[in-house]
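Fold and contact review
Each chain is listed here by its residues.
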Amino acid sequence: METGKTKVISVLVENKPGVLHTISNLFRRRNFNIESITVGPTEQADIARMTITVNEDEKTIDQIVKQVAKQIDVLRVGELEEGNFVMRELSLIKVKVESSKERSDIINFAEVFRGRIIDVSTDSLIIEITGTPDKIDAFLNLMKNFGIIELARTGITALSRGVKSIRIDG
Amino acid sequence: MNMTQMSGAEALLESLERQKVDTVFGILGGAILPVYDALCGNKKIRHILARHEQCAAHAAEGYARASGKAGVCMATSGPGATNLVTGIANAYMDSSPIIALTGQVPSSGANTSYMIGKDAFQEADIIGIVTAVTKYSYQPRSIPEIPSIVNNAFYIATTGRPGPVLIDLPKNIQSEIADVEFTNKISLRGYKLSTEPNQTRISEAANLLAKAERPIILAGGGVITAGASDELIQMSDLLMAPVATTFMGKGSFPENHPLSLGSIGMHGNPAANKLIGESDVLLAVGTRFSDRATANLDSFAPNAKKIHIEIDNAEINKNIEIDIPIVADAKKALKMLLIATSKKLQKAEGTMWNKMVKEAKEQLSPLLKERPKDVIPKNLLITLRKLLPASAIITTEVGQNQMWSALYFKALQPRTFISSGGLGTMGFGFPAAIGAKVACPERQVVDIAGDGSFIMTEQELACSVAENIPVTVIVLNNSVLGMVAQWQRTLYKRRYMAVNLGKTPDFVKLAEAYGAQGLRINSIEEFEKAIKTATTGNITTVIDVPISSENDVVPFVPPGCGLPQQRGDY
Ligand SMILES: Cc1ncc(C[n+]2csc(CCOP(=O)(O)OP(=O)(O)O)c2C)c(N)n1
């Protein structure tokens, strides 16, 4: 359901078991829609960063931030300020190849999108592509013409630009 | 460093003692046996054997709400733990501090293979199950971490907006021995408490209140938690503002005070429901604006600027748009607000608003149209109030009995009205009464019950008799699930379905079967006598009060309607 633009919420959490469950359970229980969620360790091993993208109105985002902040394993939370952050997604795409013409076409497209060929077999290629979700969508549209055999997307991860940071000491 | 060699179970008990725990309500089983073994001979902690784990949790909550301290309940793994869930959910909804201790199958160990996650006998993923209804939960994986886990658990449960915390104890962790060190340290870097009021907000609020022509105060359960009743009374007196409470706030403001309006809501006091809609400034303290309190949001205090004092930031703007939020401890905020407002206020005696309040109270008081001899809930509850001291503790079940109690039984002190507000759990009142009596043995404790609700947890008569915890249960016996019957009568054209309890048990004989005292009354005089017998005796008493099955609770704000659209001949 589209209600507006995708918003990105960055959350620093204790890097320990059960935290992802707590957060995803909170979203389900409060009827907040998650578009994507990614988790990984940060520069401090005991802290993980969750990047959550949601498509909700301002009032709901306010509630999301407050409800997430209330969780005891959450150390910091903030919505990334529009236009003031960078976001990337990584995608692996296995594409069908039926001729050498197709093979070179796909390689050309991948180059235009700054993708990389990371696996080659007689009848398929795997391309790694990183970028904003829009860019990945556009590339996937092109690849559909060849036939996508398998697809994996990581979901969005993001950071604020410059000095504005969501850090535990900031 | 002060290391002691002990088992995990001993470390747990020592940690509980350091938290001044004097009572644990529970039922044992295989996976919690090492803790019970360690309890054997313990002189500091009294264990009260409940007859159902749900009731152990409710009793812990009754204890907590009567005393202000955390209540503790305990159960074995699997079914013991899942039986606690309703009680934990109840405490979560009503922000009550309870600690739930559960046994769990072994996580590892020398003599046992690793069992968690293997669907071992009586394994239940209790943490997974209660995540949505606990403030936090722990599962210690080593013995030395037990003291700090217990410290943190009590700190989380009792501070900020209180709530239940569960500690799930794998059996091997209970029985194995390790070097343990006890500290009072709390290590919770992610736990954010905002208790200090923002000075700017306070002075904005003071400006608004000083200029208000029709101020009203709405007090929620947070006032009771914060122990802010004195400040609330001072605030009301200063502003000459009437005070309505939410259902959970009942008792935060003495209901015999001239400015008390009783509680608002679906079955609120008519004067409170009316006046809140006419106010120009609403000072809400420690409330989450539940739908049962506000009714339709569009007609909730539509002309009022709203100030919201609340310790839980997530409650600000959740249900109601707030003009001035003050995220802080209610007592601290009210103290500061009193000083700030008194400097700005020009006191005017006998304003129009005061006249309106007085008139509304006189015309719309549900206590007015009396036929004092009829055995109807109103007269019973007014009589009960006259017979009980102000410090007596009332608990209620859920349904009409509960709403009648809210309407007609005037609570005069905080922590004397204990009822399941948020979850509306039938069967809560009786075990909660047992818990309250344990916390306050010198006070009288009375559960006002419906027959349907009482049947849900009546087996705790066994507990109250065996453990010598005398409480009084008044069964408003209408032979129906009355509140639901009322909905079917008013909203479903009298199409009664599954609300008739048929021939209810003989509650006098039932009480006697458990070794308790049973009395039946058929007049107000008999009721008075029965209450005296019950509250002066030293034995749990069930008073069966047959009443008509056709009584409605009025007023009634039908679902979807606003508070001003209250119906009924009140
Ligand atoms: C555990 C539980 N089950 C069902 C309900 C739904 N419910 C609400 S009130 C009510 C009837 C209560 O009947 P009774 O205890 O006899 O009280 P009365 O309304 O007659 O005073 C029911 C079934 C509930 N609140 N709690």
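Only a predicted model underlies this, so the values are computations on that prediction, with no experimental measurement involved.

Our next topic: helix α4 (residues 133-144) of chain A. All names here are of chain A. Taking 1.5 Å as the rise per residue, α4 with 12 residues should run 16 Å; its terminal C-alpha atoms sit 16 Å apart, in good agreement. Taken together, the buried positions of α4 are P133, I136, F139, L140 and M143. Buried positions in α4, seen along its axis, are confined to an arc of 125° and lie on one side of it. On its buried side, α4 packs onto β5 (85-96), α3 (100-112), β7 (124-131) and β8 (148-153).

All names here are of chain A. In terms of domain boundaries, chain A breaks down into domain 1 (6-79) and domain 2 (86-157). For domain 1 versus domain 2, the distance between C-alpha centres works out to 29 Å. Listed per partner, the contact involves five residues of domain 1 and five residues of domain 2. Where domain 1 touches domain 2, the interface holds zero salt bridges. For the interface between domain 1 and domain 2, the tally reads two residue pairs in polar contact (both at pLDDT 80 or more). Of all the secondary-structure elements, those providing two or more residues to the side of domain 1 that touches domain 2 are β2 (34-41) and β3 (47-54). In terms of residue class, the side of domain 1 that touches domain 2 is made up of one nonpolar, four polar and no charged.

Moving on: the site of the ligand. Residues and elements named next belong to chain B. Close contacts around the ligand come from 17 residues, with Q400, G424, G452, S453 and G482 the closest. A distance of 2.8 Å separates an oxygen atom of the ligand from a polar backbone atom of G452. Between G482 and the ligand, the recorded distance is 2.8 Å, taken from a backbone N or O atom to an oxygen atom. Coverage of the ligand by the protein chains reaches 76% of its 580 Å² of free accessible surface. Broken down by secondary-structure element, the contributors of at least two residues to the shell around the ligand are α16 (400-408), α18 (451-457) and α20 (482-491). A total of four residues in the shell around the ligand trace back to one element, the largest contributor, which is α18.

Right, let's get into the domain arrangement of chain B. Quite often, the size of an interface is put as the accessible area lost when its parts meet. Residues and elements named next belong to chain B. Domain boundaries assigned for chain B yield domain 1 (3-181), domain 2 (199-364) and domain 3 (377-554). The C-alpha centroid of domain 3 is placed 30 Å from the C-alpha centroid of domain 1. With 26 residues of domain 1 at the contact, the number on the domain 3 side is 28 residues. Summed over the shared surface of domain 1 and domain 3, the number is one salt bridge.

Attention now goes to the pattern of salt bridges. Under the definition given, this model contains 34 salt bridges over all chains. In this structure, the salt-bridge partner of D291 of chain B is R292 of chain B, at a minimum N-O distance of 3.4 Å. A relative accessible area of 45% places R292 of chain B in the partly exposed class. Residues joined in a network through salt bridges with shared partners are K70 of chain A together with R161, D312, E315 and K318 of chain B.

Before going further, it helps to examine the environment of G427 of chain B. On the secondary structure map, G427 of chain B appears in the loop between β16 (417-418) and α17 (429-439). As a C-alpha pair, G427 of chain B and T396 of chain B span 31 residues in sequence and 8.8 Å in three-dimensional space.

With that settled, the discussion passes to the packing of aromatic side chains. Two numbers describe a pair of aromatic rings. These are the distance of the centres and the angle of the planes. All names here are of chain B. The tally for this structure, following the rule as stated, stands at 11 aromatic pairs over all chains. The interplanar angle of 70° and the centroid separation of 6.3 Å between the aromatic rings of F25 and Y63 together place this pair among those described as edge-to-face. Placement of F25 in strand β2 (residues 23-26) and of Y63 in helix α3 (residues 53-67) is noted, with a sequence separation of 38 residues between them. You can call F25 buried: its relative accessible area is 2%. Ring geometry for Y136 versus Y138: centroids 4.9 Å apart, planes at 70°, classification edge-to-face. A connected cluster of aromatic rings, assembled from ring pairs, spans F430, F454 and F507.

So, on to empty space enclosed by the protein. Residue and element names in this part refer to chain B. Under the counting rule described, the total for this entry stands at one cavity of 30 Å³ or more. There is about 40 Å³ of room inside the largest cavity. When residues in the lining of the largest cavity are grouped by element, the largest group, three residues, is from α3. Within the lining of the largest cavity, the residues separate by chemical class into nine nonpolar, no polar and one charged. When we break the lining of the largest cavity down by domain, the ones giving at least three residues each are domain 1 (3-181) and domain 3 (377-554).

Okay, the packing of helix α1 (residues 19-29) of chain A against helix α2 (residues 58-70) of chain A next. All names here are of chain A. Remark: α1 packs on α2, axes separated minimally by 11 Å, with the N-to-C direction vectors making an angle of 145°. Between α1 and α2 lies a crossing whose hand is right-handed. Touching I23, L26 and F27 of α1 are I64, Q67 and V68, all from α2. Of the residues in the contact of α1 with α2, the class split is five nonpolar, one polar and no charged.

Further remarks concern the interface of chain B and chain A. Listed as interface residues are 20 residues of chain B and, on the opposing side, 22 residues of chain A. Interface area, chain B with chain A, both sides summed: about 1700 Å², of which 47% is carbon and sulfur. By the criterion of area lost to chain A, the three top residues of chain B are Y136, R189 and K192 of chain B, representing 34% of everything that side buries. In this assembly, chain B and chain A are joined by four salt bridges. Between K59 of chain A and E321 of chain B there is a salt bridge, with the nearest N and O atoms lying 3.7 Å from each other. Here chain B and chain A share 12 residue pairs in polar contact (both at pLDDT 80 or more) between them.

Right, let's talk about the side chain of S137 of chain B for a bit. Locating S137 of chain B in the fold gives a position in strand β6 (residues 136-138). Filtering out sequence-adjacent residues up to four positions away, S137 of chain B remains in contact with I127 and L166 of chain B.

The rules we used
Residues numbered from 1 in each chain as written. Chains lettered and ligands numbered in written order. Predicted model: local features only at pLDDT ≥ 70, side-chain atom pairs only at ≥ 80, totals over all residues. Heavy atoms only, no water. Helix = DSSP H or I, 4+ residues; strand = E, 2+ residues; numbered from the N terminus. Expected span 1.5 Å × (residues − 1). Buried < 20%, exposed > 50% of the residue type's maximum accessible area, 1.4 Å probe, protein only. Arc of directions from axis to C-beta. Contact = heavy atoms within 4.5 Å. Domains from an automatic or database assignment. Salt bridge = Lys/Arg side-chain N within 4 Å of Asp/Glu carboxyl O. Polar contact = N/O pair within 3.5 Å; in protein donor to acceptor, adjacent residues only side chain to side chain. Nonpolar A, V, L, I, M, F, W, Y, C, P; charged D, E, K, R; others polar. Near = heavy atom within 4 Å. Areas by Shrake-Rupley, 256 points an atom, 1.4 Å probe, with all protein chains shown as cover. Phe/Tyr/Trp six-rings, centres within 6.5 Å; stacked < 30°, edge-to-face > 60°. 1 Å grid on protein atoms, 1.4 Å probe; cavity = no way out; pocket = protein on both sides within 12 Å on 5 of 7 lines; lining within 4 Å. Points joined across faces, edges and corners; volume = space filled by probe spheres on them. Axes fitted to C-alpha atoms, helices over the stretch in contact; angles between N-to-C directions. Left-handed = near helix turned anticlockwise from the far one by under 90°. Buried area = accessible area lost by both parts, 1.4 Å probe.

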